[in-house]
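The residues making up each chain are set out below.
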Amino acid sequence: MSKKKERREAARMKGLERESTPETHVHVHHASKQDSTHGAKGLKAKLMHIYETKYMMLMFVSFAIVGLAVLQIGVQMAMTGDFLTKGVSLKGGITIMVPDIDDDAVIIENKLRTQFSNYDFNVRALSQAGVQNGLIVDADITDNDDINSFTQAVADALGVPRKSLSVEIIGSSLGESFFQETLIAVVIAFLLMGLVVLITFRVIAPSMMIILAAVSDILIALALTNLWGVNVSTAG
């Protein structure tokens, strides 16, 4: 074979290699995509298998979580006398709103705590569109003299005149009545929900399970609220 024919044959073989290489990449990519799809389907199938065959174990896990929530609520009642952390609107106290202030809430709270360490209060920022435009101070103070002293201390800490503060006082009896009305509303809501579920299913067993699921959600949410130290008020 002449050198000219050898060069043509070599060029032809290189052309064939270039044409076959993209197809190889496509096949490899398609195979890897199929493997990942099969892997996702396999994981989903495993989870569905556990859900369908290990439902008793999952039910015990749910009951364990509910039991821990009930335990936490019991500890909360033993330590504080209430099953939740009440805000000012539920136990009575004072709420002070200061508009057009961009002072740091933590710094102001630390200043006030040095003078009123015996009271439970918190300072939080008011914001609009991500920009702070005021402060709100909540305190469980019900004595008139202490309310006047606390209001003046807030004004001094912020460096504003006292008349610029918006003060709302809620008596302890009014806060307790709010709390009692809230409990009554919750009980009535559960009774009506149970009635609707019973009418829908007309069988007691599934109806009780649905109501139990709703109760479990409330108990777990209440326990987490207590753990995080969130003050519950009439607003939520």
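Structure: above.
As a starting point, this report considers the structure included with it. Treat the numbers as computed from the prediction; the structure is a model and nothing was measured.

**Here we look at the sheet that holds strand β3 (residues 131-139)**
The strands that make up a sheet pair up through hydrogen bonds in the backbone, lying either parallel or antiparallel. Strand order in this open sheet of 4 strands is β2-β3-β1-β4, and the pairing throughout is antiparallel. Unpaired on one side and paired on the other, β2 (121-128) and β4 (166-170) mark the two borders of the sheet. Across the sheet, the axes of successive neighbouring strands diverge by a mean angle of 20°, strand direction being ignored. In this sheet, β3 lies alongside strand β1 (residues 93-99) in antiparallel orientation, the contact comprising 6 bridges. Paired with threonine 95 across the bridge in β3 is aspartate 138. Contacts from helix α4 (residues 105-115) reach β2 and β3 within the one sheet, and its direction differs from that of β2 by about 155°. Where helix α5 (residues 144-158) meets the sheet, its contacts fall on β1, β2, β3 and β4, and the angle it forms with β1 comes to roughly 25°.

**Some thoughts on the environment of aspartate 138**
Within the secondary structure, aspartate 138 sits in strand β3. You can call aspartate 138 buried: its relative accessible area is 10%. Sequence spacing of aspartate 138 and glutamate 168 is 30 residues, and the spatial spacing of their C-alpha atoms is 9.6 Å. In this structure, aspartate 138 is in contact with Val88, Ile94, Thr95, Asp120, Phe121, Asn122 and Arg124, ignoring residues within four places of it in sequence. A distance of 2.4 Å separates a polar atom in the side chain of aspartate 138 from a polar atom in the side chain of arginine 124.

Reading the values: rules and limits
- Residues numbered from 1 in each chain as written.
- Predicted model: local features only at pLDDT ≥ 70, side-chain atom pairs only at ≥ 80, totals over all residues.
- Heavy atoms only, no water.
- Pairing = 2+ DSSP bridges.
- Helix = DSSP H or I, 4+ residues; strand = E, 2+ residues; numbered from the N terminus.
- Axes fitted to C-alpha atoms, helices over the stretch in contact; angles between N-to-C directions.
- Contact = heavy atoms within 4.5 Å.
- Buried < 20%, exposed > 50% of the residue type's maximum accessible area, 1.4 Å probe, protein only.
- Polar contact = N/O pair within 3.5 Å; in protein donor to acceptor, adjacent residues only side chain to side chain.

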